[in-house]
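Now for the letters of each chain:
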Amino acid sequence: MKRWKNSLKKVTSAILIAAMTMGLMACGSGGSSSGGGDTIKVGFMSDQSGDNALTCNVEAFQLAVDEINEEGGILGKQIEPIIVDGQSDTQRYQNLAKELILEDECDVVFQDGTSANREAIRSTFEENKKLLIYPTFYEGGVASRYCICTGTGPEQTILPLMQYIKDNGVGSKVYILAADYNYGQISAQWVQEYCKQLGLEVVETEFSPLGTSQFSSSISKIEQSGADIVYTLLVGAAQCSFFDQWVSADVEGVELASTCNIAYSYEQKKVAAPGLSGMLSAANFFEDMDTDKAKKFVTDFRAKYPDEACITNQAEAVYASVYLWKAAVEKAGTAETEAVIDAFDTDEISVDAPSGTMKVDGSTHQAVLTVTIVEVQDDHSLKTLQTTSDIEPTYLKDLGIDIRKEDPQTQYSPLENGTGN
């Protein structure tokens, strides 16, 4: 099994190495790296290969780690990153989660893969009482003491985008085209729910199996459906081929909207202009954002990784989430799991992220975020239409969930009222 382990602090004394080794042996297999030594072990699980591969997420993680270590680390200790490739494979994620927790003894693990992979490993963290931080935009509803979700949820992206569509007369008849797994399925439920609330009509919902690369039949259905807007929830390299085929089909009178595409896969950089002109997207971050904090992040990232094709919303969330965890560790005075979670539970942990303020809501373990709506222009640049700060993660609160009082360790979805997905 290929694994990349990169220690950022060099230890030059053989005596010190021997002492640290003996200390770790004394701790036993269940010990925490925060208890001894001069490093804090931090795991990062990401798809560096496979259908969902994006190297910029790993680079954003490494950028945050390097910056923190150069500034003296956390509580006087350097971060020791342990980065593994999930290879877009669920079974591999399950094996790697156990290794990072039980063998590498990481104090925290960040995972930026799909929702299916998150759900496949979440119980491992809950059973071993270790902290998993999930910085990916997702379908919402995860309620667990040992899982903190710092990516956007549906009430923070889908609802604002659907509200914008209604308020600006973009369309009233919606065709939903989604990836056929829990992210796409539950997100589609949210689009349906918000359309109902806003008085928009869903003319059809179609789920496309992961790995699908041919969309001619879907495009024909869209043309015949009477839809005036297609809401896409497609993921992975194969499904992104939809946009090339959409442009080639030259469908008239139908707009595109998404809360994952453009921000995550940057289709406007892959499809010839002006093919996607007018497409709308909502997310926490876009590389084209014109704020001082965002521009500094892009500049620093590009200085370190000049050849990267794009900086995704997920990469920014990974970067900001490392700083968010750092703030919790410093408040707790230790990297020990329970103390760090207790710090998150105070509602006082926040960072000034490139996308805007990011804060953890202690009752739900979801993030309070700033979200921006953009429109693809004729030259495929992105125009900012609307930015909203401090959007609360309301869904779990509406269900009366307070993780500080009771830990459900489940995922709720809009049509199942807490039975999981």
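Residues numbered from 1 in each chain as written. Predicted model: local features only at pLDDT ≥ 70, side-chain atom pairs only at ≥ 80, totals over all residues. Heavy atoms only, no water.

Enquirer: Would you take a moment to explain the pattern of salt bridges for this structure?
Expert: A pair can form between side chains of opposite charge whenever their charged atoms are brought close. Applying the stated rule across the entire model yields 18 salt bridges. One salt bridge in this structure joins E330 and K326, with 2.8 Å as the shortest N-O distance. In this pair, E330 and K326 both sit in helix α11 (residues 313–332), four residues apart, roughly one turn of the helix. R404 is the salt-bridge partner of D402, the closest N and O atoms lying 3.1 Å from each other. Where salt bridges share partners, they join R118, E119, R122, E126 and E139 into one cluster. (Salt bridge = Lys/Arg side-chain N within 4 Å of Asp/Glu carboxyl O. Helix = DSSP H or I, 4+ residues; strand = E, 2+ residues; numbered from the N terminus.)

Enquirer: What is the right way to look at the packing of aromatic side chains in this model?
Expert: Here a ring pair, both rings aromatic, is described through the centre-centre distance and the interplanar angle of the planes. All chains considered together, the criterion is met by 17 aromatic pairs. Centre to centre, the rings of F242 and F243 are 5.2 Å apart; their planes meet at 80°, and the pair counts as edge-to-face. For F243, a relative accessible area of 0% corresponds to the buried category. Ring centres of F285 and F297 lie 5.6 Å apart, and the angle between their planes is 75°; on these two criteria the pair is classed as edge-to-face. Of this pair, F285 sits in the loop between β12 (280–283) and α10 (292–304) while F297 sits in helix α10, placing them 12 residues apart in sequence. Look at F285 and you get buried, because its relative accessible area is 0%. For F297, a relative accessible area of 3% gives the class buried. One aromatic cluster in this structure is built from F285, F297, F301, Y305, Y319 and Y323. (Phe/Tyr/Trp six-rings, centres within 6.5 Å; stacked < 30°, edge-to-face > 60°. Buried < 20%, exposed > 50% of the residue type's maximum accessible area, 1.4 Å probe, protein only.)

Enquirer: Any chance you could explain unusual backbone geometry here in plain terms?
Expert: Leaving glycine out, the prevailing phi sign among residues is negative, and the prevailing peptide bond configuration is trans. That bond from A273 to P274 is cis: its omega, 5°, falls within 30 degrees of zero. Within the secondary structure layout, P274 lies in the loop between β11 (255–258) and β12. One non-glycine residue, D250, lies in positive phi territory at about 55°. Mapping D250 onto the fold places it in the loop between α9 (241–249) and β11.

Enquirer: What is the right way to read the side chain of Q156 from this model?
Expert: Inspection of the secondary structure puts Q156 in helix α5 (residues 154–167). We classify Q156 as buried; its relative accessible area is 2%. Of note is the side chain of Q156, whose polar atom sits 2.8 Å from the backbone nitrogen of G153. A polar atom in the side chain of Q156 sits 2.7 Å from the backbone oxygen of A367. Aside from chain neighbours lying at most four places away, what touches Q156 is G151, A367, V368, L369, V371, I391, E392 and P393. (Polar contact = N/O pair within 3.5 Å; in protein donor to acceptor, adjacent residues only side chain to side chain. Contact = heavy atoms within 4.5 Å.)

Enquirer: I would appreciate a short explanation of empty space enclosed by the protein in the present structure.
Expert: Picture a little ball the size of a water molecule; that probe, rolled over the atoms, points out where space is still empty. This structure, assessed with the given rule, holds three cavities of 30 Å³ or more. The space that makes up the largest cavity amounts to roughly 130 Å³. If you trace the largest cavity, you find 14 residues lining it, with T114, T136, F137, Y181 and Y264 closest to the centre. The residue makeup of the lining of the largest cavity, split by class, is six nonpolar, six polar and two charged. (1 Å grid on protein atoms, 1.4 Å probe; cavity = no way out; pocket = protein on both sides within 12 Å on 5 of 7 lines; lining within 4 Å. Points joined across faces, edges and corners; volume = space filled by probe spheres on them. Nonpolar A, V, L, I, M, F, W, Y, C, P; charged D, E, K, R; others polar.)

Enquirer: Would you take a moment to explain the packing of helix α2 (residues 55–70) against α10 for this structure?
Expert: Relative placement of two packed helices is described by the angle separating their axes and the distance separating the axes. Axis separation between α2 and α10 bottoms out at 11 Å; the angle between their running directions is 100°. Classed by the angle they form, the pair α2 and α10 counts as roughly perpendicular. On α10, the residues touching C56, E59, A60, L63, D66 and E67 of α2 are F297, D300, F301 and K304. Taken together, the residues that form the contact of α2 with α10 break down as five nonpolar, no polar and five charged. (Axes fitted to C-alpha atoms, helices over the stretch in contact; angles between N-to-C directions. Parallel < 35°, antiparallel > 145°, perpendicular 65-115°, else oblique.)

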